[in-house]
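# Fold and contact review
One-letter residues, chain by chain:
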Amino acid sequence: MELSILTVCYLIGSLTFIIGLKMLSNPATARKGNLIAAAGMTIAIIGTIFLYEENEKKLGNYLWIFGGIIVGGVIGTLAAKKVKMTAMPEMVSLFNGMGGACAALISIVEFNHLYSAIEIPGYDQMPFGTLLIILLGLIIGSISFSGSIIAWGKLNGSVKDFSFNGQHIFNLVILAVVVVLAGLILGGEFGDPQLIFFSILGLSLLYGVFFVMPIGGADMPVVISLLNSFTGVAAACGGFLYDNKVMLTGGILVGAAGILLTVLMCKAMNRSLKNVLIGSFGGARTTGVVAKEQGHYKEISLSDTAVIMSYASKVMIVPGYGLAVAQAQHACHELEKILEGKGVNVKYAIHPVAGRMPGHMNVLLAEADVNYEKLQEMEQANEEFSTTDVVLVLGANDVVNPAAKSDPASPIYGMPILDVELAKNIIVNKRSMKPGYAGIENDLFFRPKTSMLFGDAKKVIQDLIAEIKNL
Amino acid sequence: MDTVLSWITQHEQMIYIVALMIFVGIEVIGRVPSVLHTPLMSGANAIHGVVIIGAIIVMGKAEPDNYVALVLGFLAVVLGTLNVVGGFVVTDRMLEMFKSKKKSQD
């Protein structure tokens, strides 16, 4: 009876995951979808704690279980509530790493269990299938863990890009050694299985580090999405291990959706997944296009900017990571309102990968109550630029870099960009002339139609608002 | 060969689930607008936190004198909970903004 109830719990869990994910892909239902999935998860967890039994034996150690859930729950809630909108992508990466580590730990405990169960050391007695699943969970889980931690460090700036010649070969060698070791342990030959097992753990962690290390700048969202998918697969391994359908459904669902999401993101940048993973960004950024001849750029004063914008009939704002860093979204919304008050038509042009994650800008601007209809996706925006008087680029760089269209040597060549040059005037707000996240010079800044407005995005906008009010 | 075949037979249902879920996963998010990429990734991130069920089972099965299993299991439960709770709360925070904006629009 109780086991049948547990089965129903798991069934509900699996269905809510599918429905939740479906609803998450539509703006109108997204929030409800997330809550439904969370409710399903809660049911599955509570069901497991109280109803799960193996060989007619219930689970014990309730104190430990509840202790762990309370500790994790409190820290998780606090961290998730406190985190700034700009740090959201890092947070996702960090939580993803926790999931990977969890899967790896399960594998370690289960392996010890299996190992101590064999009294006579004939390793071929370890059930092949179970061992294979344990190893898969261990390898994928630890790669996902160490990779996510590096991605987290990279996004918050504490880990610098690092690569050396032949790194891809080095990575492949690590991976090959991992596979060979796994083969040895599965075949039940040579040496101490425990030693091999923990070598696999160590090498997988190392692989995760070197896998993410050389991948630079603009590609980080893609990597996080991919690691997210890895953790899904690692969770599914747990499903096989315990013959647990909800873990299997949830894991594979995320694994498959994560891969698709990764591909969608790559498409938005017009690059192949292979290209991203081989990390041409990382290699090219130091040697790439830096040597190019620079022209002269011209600066524009705040009061001139205020005049140009107030008397424009259509203004497009192109937000980028600089806006997020400066927390300028509210000021930006205020600028929009004051310009609208003067009869200017203001819209936002959102590049799919502006910021550090797809959708980053939408989330930020939504926080500042910017009307959904004012946000133009790239295709729409590109149609509108030719009728636009002023484009205000706020802390965006690579997504408006014309080199993506014209310079085949550029690392971002082929990425669709916002064609801001079609507009009559382009005003670029940046903190300095330093190149953007991908480390590439931007010719746009030296074009005759472009003027530079230096300073922190928030301060500049506030001053601009004051100037416009004084007109 | 025999072991592989018998393993497949043993896990027939599970293998069916894997095959079907791959298609469901791809189909279900096939038409997501780029606006929702980040929240969707975050939501999916929370869902794979289902790995916590494995952690609970490991923890609950550990013999009370097996400290290695207890400690590792405890750590796994903490990390798994972080993934689930943190994941859902962060996603909700992202989506909350979408909602408040929707309201002001109506």
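The shown structure was predicted, so the numbers you read here are calculated from the model rather than taken from an experiment.

What counts and what doesn't
- Residues numbered from 1 in each chain as written.
- Chains lettered and ligands numbered in written order.
- Predicted model: local features only at pLDDT ≥ 70, side-chain atom pairs only at ≥ 80, totals over all residues.
- Helix = DSSP H or I, 4+ residues; strand = E, 2+ residues; numbered from the N terminus.
- Buried ≥ 20, exposed ≤ 12 C-beta atoms within 10 Å, placed from the backbone.
- Contact = placed C-beta atoms within 7 Å.
- Axes fitted to C-alpha atoms, helices over the stretch in contact; angles between N-to-C directions.
- Parallel < 35°, antiparallel > 145°, perpendicular 65-115°, else oblique.
- Left-handed = near helix turned anticlockwise from the far one by under 90°.
- Nonpolar A, V, L, I, M, F, W, Y, C, P; charged D, E, K, R; others polar.
- Domains from an automatic or database assignment.
- Pairing = 2+ DSSP bridges.
- pLDDT = per-residue confidence, 0-100.
- Core = buried A, V, L, I, M, F, W, Y, C linked by C-beta atoms within 7 Å.
- Expected span 1.5 Å × (residues − 1).

To continue, consider the overall build of chain A. Each helix and strand in chain A was counted, giving 18 helices and eight strands. A principal-axis box enclosing the C-alpha atoms of chain A has dimensions of 85 × 50 × 30 Å. Put simply, chain A has 471 residues, and 53% of those count as buried. For chain A, the share of sequence-separated contacts (at least 6 apart) that also reach a separation of at least 24 residues comes to 80%.

Regarding its fold elements, chain B presents five helices and zero strands. What you see in chain B, going N to C, is helices and strands ordered as α-α-α-α-α. When the backbone C-alpha atoms are referred to their principal axes, chain B occupies close to 60 × 40 × 15 Å. In chain B, which comprises 106 residues, the share counted as buried stands at 58%. Look at the contacts in chain B between residues 6 or more apart in sequence, and 62% of them connect residues 24 or more apart.

Glancing now at unusual backbone geometry. Residue and element names in this part refer to chain A. With a phi close to 50 degrees, Asn55 is a non-glycine residue in the positive phi region. For Asn55, a count of 5 C-beta atoms within 10 Å puts it in the exposed group. Of note in the backbone geometry, Glu56 takes a positive phi value of approximately 65 degrees without being a glycine. Considering the arrangement of structural elements, one finds Glu56 in the loop between strand S1 (53–54) and strand S2 (57–58).

In a pair of packed helices, the angle between the axes and the distance between the axes together describe the arrangement. Two elements in contact, helix H4 (residues 88–117) of chain A and helix H3 (residues 37–47) of chain B, have axes separated by 10 Å at closest approach and are oriented at 20 degrees. Compared by their axis directions, H4 of chain A and H3 of chain B come out roughly parallel. Both H4 of chain A and H3 of chain B take part in a crossing whose hand is left-handed. The residues of H3 of chain B that touch H4 of chain A, namely those facing Val92, Phe95 and Asn96 of chain A, are Met41, Ser42 and Asn45 of chain B. In terms of residue class, the contact of H4 of chain A with H3 of chain B is made up of three nonpolar, three polar and no charged.

Domain boundaries assigned for chain A yield domain 1 (91–284) and domain 2 (302–470). Of note, the centres of domain 1 of chain A and domain 2 of chain A, computed from C-alpha atoms alone, are 38 Å apart.

Residues and elements named next belong to chain A. Examined bridge by bridge, strand S3 (residues 314–319) and strand S4 (residues 345–350) share four bridges and lie parallel to one another. Counted as the bridge partner of Lys314 is Asn345 from S4. Two elements, S4 and strand S5 (residues 375–377), share three bridges in a ladder whose sense is parallel. The residue of S5 that forms the bridge with Ile350 is Glu377.

What follows deals with the environment of Gly20 of chain A. By the secondary structure assignment, Gly20 of chain A is in helix H1 (residues 2–24). Residue Gly20 of chain A is classed as buried on the basis of its C-beta count, with 29 C-beta atoms lying within 10 Å. Taking the C-alpha atoms as reference points, Gly20 of chain A and Ala37 of chain A, separated by 17 residues in sequence, lie 5.0 Å from one another. Here Gly20 of chain A is in contact with Gly33, Asn34, Ile36, Ala37 and Gly40 of chain A together with Gly43 of chain B, once residues within four sequence places are set aside.

Residues shown with low pLDDT carry predicted positions that ought not to be read at fine detail. Residue and element names in this part refer to chain B. In the predicted model, chain B carries a mean pLDDT of 86, and the fraction of residues at 70 or more is 91%. Across chain B, the element-wise mean pLDDT spans from 82 in helix H1 (residues 2–10) up to 94 in helix H4 (residues 52–61). Taken as a whole, residues 100–106 scores under 50 in pLDDT and shows six contacts with residues more than four places along the chain or in a different chain. Confidence estimates for the predicted assembly give a pTM of 0.76 and an ipTM of 0.91.

Moving on, we come to the interface of chain A and chain B. Contacts between the two partners involve 96 residues from chain A and, on the opposite side, 80 residues from chain B. At the level of elements, H1, helix H2 (30–51), helix H3 (62–82), H4, helix H5 (128–155), helix H8 (220–241), helix H9 (245–268) and helix H15 (360–367) of chain A are the ones that each hand at least two residues to the side of chain A that touches chain B. Examining the composition of the side of chain A that touches chain B, we find that 18 residues originate from one element, H9 of chain A, more than from any other. In terms of residue class, the side of chain A that touches chain B is made up of 57 nonpolar, 30 polar and nine charged.

Before going further, it helps to examine the sheet that holds strand S7 (residues 425–430) of chain A. All names here are of chain A. With respect to topology, six strands assemble into an open sheet ordered S5-S4-S3-S6-S7-S8, the strand pairing being parallel. Strand pairing shows two members of the sheet lacking a second neighbour, S5 and strand S8 (450–454), which therefore form its edges. On average, adjacent strands in this sheet sit at an angle of 25 degrees to one another, irrespective of strand direction. The pairing of S7 with S8 spans five bridges and is parallel. Following the sheet pairing, Val428 is matched in S8 by Met452.

If you look at the biggest cluster of nonpolar residues, it comprises 187 residues, and the most contacted ones within it are Cys102, Leu253, Val318 and Val393 of chain A. For Val318 of chain A, the residues in contact, after removing those within four places along its chain, are Ala349, Val391, Leu392, Val393, Leu394, Ala396, Val400, Leu418 and Val420 of chain A.

This next bit is on the packing of H5 of chain A against H8 of chain A. Residues and elements named next belong to chain A. Between H5 and H8, whose axes approach to 8 Å, the crossing angle comes to 155 degrees. Between H5 and H8, the angle is such that the two are roughly antiparallel. Where H5 crosses over H8, the handedness of that crossing is left-handed. When the residues that make up the contact of H5 with H8 are grouped by side-chain class, the tally is 17 nonpolar, eight polar and one charged.

Turning to the confidence of the model for chain A, a few remarks are in order. In the predicted model, chain A carries a mean pLDDT of 85, and 92% of its residues have values of at least 70. Within the model, the stretch residues 280–293 of chain A combines pLDDT values under 50 with 30 contacts to residues more than four positions away or in other chains.

Right, let's talk about the environment of Leu82 of chain B for a bit. Examined against the element boundaries, Leu82 of chain B turns out to sit in helix H5 (residues 67–105). Taking the C-beta count within 10 Å as the criterion, Leu82 of chain B has 29 such neighbours and is therefore assigned buried. Each C-alpha atom of the pair Leu82 of chain B and Ile52 of chain B lies 9.4 Å from the other, and the pair is 30 residues apart in sequence. With residues up to four places along the chain from it excluded, the contact list for Leu82 of chain B reads Gly72, Ile75, Gly76, Phe95 and Met98 of chain A.

What follows concerns H8 of chain A. All names here are of chain A. Given a rise of 1.5 Å per residue, 22 residues ought to cover 32 Å, and the 32 Å separating the end C-alpha atoms of H8 matches this to within 8%. In terms of residue burial, H8 counts as a mostly covered element, since 22 of its 22 residues are buried. Backbone geometry just after H8 places Asp243 at a positive phi near 50 degrees.

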